[in-house]
Amino acid sequence: MRRILIVLTLLCFPHLSAQAQHIGIPHLEKHGTATQLVVDGKPFLILGGEINNSSSSNLDYIRPAWGRLAAIPLNTVLTPLSWELIEPREGQFDFTLVDGLIQDARRNNLHLVFLLLASWKNGMSSYVPLWVKKDTQRFPRVILKDGNPIEVLSPLGRESMAADAHAFAALMRHIREVDGDAHTVLMMQVENEVGVLGDSRDRSPAANKAFDAPVPKELMTYLWQHHDTLIPEFRKVWETAGAKPTGTWQEVFGHGVEVDEIFMAWNYGRYIQSVTAAGKAEYPIPMYVNTWLGGWPHPHAFPSGAPLPEVMDVWRAAGTAIDVFSPDIYETDFANWCDRYNRSGNPLFIPEALGGLTGEANVFYAIGAHEAIGFSPFGVDSFIDQERPIEIDAANDLGKSYAVLQSLAPVILEHEGRGEMAGFVLDKDHPQTSVELNGYLLDVKLDHVFETNSQHAFGLIIATGPDEFLGAGTGFSVSFRLKSAGRTQVGLGYVDEGAFVGGAWVPGRRLNGDEDDQGRAWRFIEKRIHVEKAVVYRYE
Ligand code: DGJ
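The shown structure was predicted, so the numbers you read here are calculated from the model rather than taken from an experiment.

Scoring rules and cut-offs
- Residues numbered from 1 in each chain as written.
- Predicted model: local features only at pLDDT ≥ 70, side-chain atom pairs only at ≥ 80, totals over all residues.
- Heavy atoms only, no water.
- Pairing = 2+ DSSP bridges.
- Helix = DSSP H or I, 4+ residues; strand = E, 2+ residues; numbered from the N terminus.
- Axes fitted to C-alpha atoms, helices over the stretch in contact; angles between N-to-C directions.
- Near = heavy atom within 4 Å.
- Polar contact = N/O pair within 3.5 Å; in protein donor to acceptor, adjacent residues only side chain to side chain.
- Nonpolar A, V, L, I, M, F, W, Y, C, P; charged D, E, K, R; others polar.
- Salt bridge = Lys/Arg side-chain N within 4 Å of Asp/Glu carboxyl O.
- Buried < 20%, exposed > 50% of the residue type's maximum accessible area, 1.4 Å probe, protein only.
- Phe/Tyr/Trp six-rings, centres within 6.5 Å; stacked < 30°, edge-to-face > 60°.
- Lys NZ or Arg CZ within 6 Å of the ring centre and 35° of its normal.
- Parallel < 35°, antiparallel > 145°, perpendicular 65-115°, else oblique.
- Left-handed = near helix turned anticlockwise from the far one by under 90°.
- Contact = heavy atoms within 4.5 Å.
- Arc of directions from axis to C-beta.
- Core = buried A, V, L, I, M, F, W, Y, C linked by side-chain atoms within 4.5 Å.
- Domains from an automatic or database assignment.

Here we take up the sheet that holds strand E1 (residues 27-31). Strand order in the open sheet formed by 3 strands is E1-E2-E3, with antiparallel pairing between adjacent strands. The open sheet has two edge strands, E1 and strand E3 (42-44), and neither has a second partner. Strand-to-strand twist in this sheet, taken as the mean axis angle between neighbours without regard to direction, amounts to 55°.

A separate point is the site of the ligand. Taken together, the neighbourhood of the ligand is formed by Asn-53, Lys-121, Asn-122, Asn-192, Glu-193, Asp-328, Tyr-330, Glu-352 and Phe-378. Asn-192 places a side-chain nitrogen or oxygen 2.8 Å from an oxygen atom of the ligand. Between Glu-352 and the ligand, the recorded distance is 2.6 Å, taken from a side-chain N or O atom to an oxygen atom. Partitioned by chemical class, the residues of the shell around the ligand number 2 nonpolar, 3 polar and 4 charged.

For the rest of this paragraph, the subject is the pattern of salt bridges. Summed over all chains, the structure comprises 29 salt bridges. In this structure, Arg-343 engages Glu-233 in a salt bridge whose closest nitrogen and oxygen atoms are separated by 2.8 Å. Of the two residues, Arg-343 is situated in the loop between helix H15 (334-341) and strand E12 (349-350) and Glu-233 in helix H11 (residues 232-240); the sequence distance between them amounts to 110 residues. Judged by relative accessible area, Glu-233 falls into the partly exposed class, the value being 24%. When the shortest N-O distance is used, the salt bridge between Arg-520 and Asp-517 registers 3.2 Å.

Enumeration according to the criterion identifies 25 aromatic pairs in this entry. Where Phe-424 meets Phe-476, the ring centres are 4.8 Å apart and the plane angle is 80°; that geometry is what we call edge-to-face. Of the two residues, Phe-424 sits in strand E15 (residues 421-426) while Phe-476 sits in strand E20 (residues 476-482), which places them 52 residues apart along the sequence. When the ring of Phe-476 is compared with that of Phe-524, the centres are 4.3 Å apart and the planes differ by 15°; the resulting orientation is stacked. Taken together, the positions of Phe-476 in strand E20 and Phe-524 in the loop between strand E23 (522-523) and strand E24 (530-539) put the pair 48 residues apart, joining distant regions of the chain. The exposure classification of Phe-476 matches that of Phe-524, with both residues buried. Within the aromatic cluster, the residues linked to one another by ring pairs are Phe-424, Tyr-440, Phe-469, Phe-476, Phe-480, Trp-522 and Phe-524. Lying over the aromatic face of Phe-383, Arg-68 brings its terminal NZ or CZ to 4.0 Å of the ring centre. It is Arg-201 that lies over the ring of Phe-211; its NZ or CZ is 3.9 Å from the centre.

With that settled, the discussion passes to the packing of helix H16 (residues 356-370) against helix H17 (residues 397-415). Contact pair H16 / H17: the axes reach a minimum separation of 8 Å and the direction vectors enclose 15°. In this view, H16 runs roughly parallel relative to H17, as classed from their interaxial angle. The chirality of how H16 crosses H17 is left-handed. In this structure, H16 contributes Gly-356, Leu-357, Gly-359, Glu-360, Val-363, Phe-364 and Ile-367 to the contact, and H17 contributes Asp-397, Leu-398, Ser-401, Tyr-402, Leu-405 and Ile-412.

Glancing now at the sheet that holds strand E22 (residues 504-510). Here we have 6 strands laid out as an open sheet, ordered E15-E18-E19-E24-E21-E22, and antiparallel in their pairing. The open sheet has two edge strands with one neighbour each: E15 and E22. Direction aside, neighbouring strands of the sheet carry axes that sit 30° apart on average. Bridge analysis of strand E18 (residues 457-465) against strand E19 (residues 468-474) gives 7 bridges, and the strand direction is antiparallel. Along E19, the bridge assignment pairs Leu-460 with Ala-472. Each of E15, E18 and E19 touches H16; the most contacted strand, E15, lies at about 150° to it. H17 rests against E15, E18, E19, strand E21 (489-501) and E24 of the sheet, and its axis sits at about 30° to E18.

Okay, H15 next. Every buried residue belonging to H15 is among Phe-334, Trp-337, Cys-338, Arg-340 and Tyr-341, and all of these are buried. All buried residues of H15 project into a common sector of 165° when viewed along the axis, lining one side.

Secondary-structure assignment places Asp-60 in helix H3 (residues 59-62). At a separation of 3.1 Å, a polar atom in the side chain of Asp-60 contacts the side chain of Arg-63.

The next subject is the pairing of E20. With respect to burial, E20 is a largely interior element, 5 of its 7 residues being buried. Where strand E17 (residues 440-446) and E20 come together, 7 bridges link them in antiparallel fashion. From the neighbouring strand, Leu-442 faces E20, where its bridge partner is Phe-480.

Take the packing of helix H9 (residues 205-212) against helix H13 (residues 257-282) next. Two numbers describe how H9 lies on H13: the axes approach to 11 Å, and their chain directions differ by 110°. When the axis of H9 is compared with that of H13, the two are roughly perpendicular. As for the relative orientation of H9 and H13, their crossing is right-handed in sense. Residues Ala-207, Ala-210 and Phe-211 of H9 pack against Val-259, Asp-260 and Phe-263 of H13. Of the residues assigned to the contact of H9 with H13, the class counts are 5 nonpolar, no polar and 1 charged.

A few words on the nonpolar core. Nonpolar side chains in soluble globular proteins tend to end up buried together. One finds Leu-69 and Phe-253 to be the most contacted residues of the largest nonpolar core, which totals 125 residues. Counting 25 residues, the second-largest nonpolar core is a separate cluster that includes Leu-442, Val-444, Val-490 and Val-536.

Taken as a whole, the protein is organised into domain 1 (46-415) and domain 2 (421-539). Here domain 1 and domain 2 have C-alpha centroids that lie 37 Å from each other. Residue-level contacts link 19 residues of domain 1 with 18 residues of domain 2. On the surface where domain 1 and domain 2 come into contact, there are 0 salt bridges. Within the residue set of the side of domain 1 that touches domain 2, elements represented by two or more residues are H16 and H17. Within the side of domain 1 that touches domain 2, the residues separate by chemical class into 11 nonpolar, 5 polar and 3 charged.

In structure tokens, the structure reads:
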């Protein structure tokens, strides 16, 4: 019906076509302080998983996996596409895989985020078509300190950028044609974990010439215009070098290791912002770039120039097409990386992470504490070949979290952006935290039931009413205080376990006695991830 209406509208009012085609397409929208993904007019929480790099290069290989991915339950699969298969000969596009993947996802009620593995994948350029690989004159390579080229396209290669942008535009035009109504494809990842490996910067002739030239005026203007809100680590480098208004890269950013990374961030940023803009001109769904994490002072063990937090401003100065800079978080300090990425207006979307027991906990933190657009562990189809040494979640721990989060998604999304939600992961080294919600202070602790073993606790809490809280997770207990000190105390009115069924709250047991420490604490002492509602009251 909706489709018929759109077609009728287009026939009667052809000038509306571009706008009308975009009705309901996936886009990002502010909801209070949060940024949400909105699909068909409704906010959408991505409970995703990324399949292995080569799995989607053959429809028959991945076809048996879709049903199992949906049963995890994922709602979105992050699915690679490669430039070499989309444009095997220059100018000749083949979208058979794209169409097949979209159809198979739809059959399983799954959404897709496509990753276009094009000029770079994990720093290297192995996914470019052979016609690009062979033509090193037209598509120049990065040259390292030793003077040798490597199999990495230089981000200063203008023809490389144009060719990549041409392919991406063709892909997005095609996705609009086949999915502009159904919206199976939610977002696009442009490239994958970019940056120079093995050296701090490209030393090709074009790169050396640009490095000795003045810093482009677009970047200098950005620095001045955003002086007060620049990421502090980045501003410090500029200020330490004298906060100069113009000069060469080393005059403006000094002679430390940072300058090379800032220079590379500018060049990757210019290239990928242009590629992204070309795709968005065809079909403007949200687009992000993912990052292999490292940090200053860097040992050159991670790709230099990637959108790490310290150079995010440089990428922003380079263009405005990229909506989100995303971390691939395999590190142990998950919370720290979430904090560092979810600042200066960057929403959190985690396209790669660990699954299993780690992922089942971290997803609660990402959504509860940072109102993440989505979370997606890597290698979720590894069940196809259990021998693969990549994250395998045999007990489907991630799925247990996802099932609960999916049932809570409408409540989560409704309360985002208003300071009404908290998320946490606790363990023996971090046994407690305090959060403020609706004027109450909530002391969240590892429950003593779990103190004797090594199991971690995790969860999220939403203030759903002035004196009402909804919680989900396992292994923690909560006591309530008022923010202002005084005689008034906070007591537990009552606690119910329960579940959302078809969007409606269905209470289970009334939890009292041992289950709420005789009224002293709101406890989540079931080993399974579960949901409880607590109502509190004040007394003197
Ligand atoms: C990070 C990359 O982005 C992925 O494509 C994949 O190569 C994983 N590493 C493997 O752990």
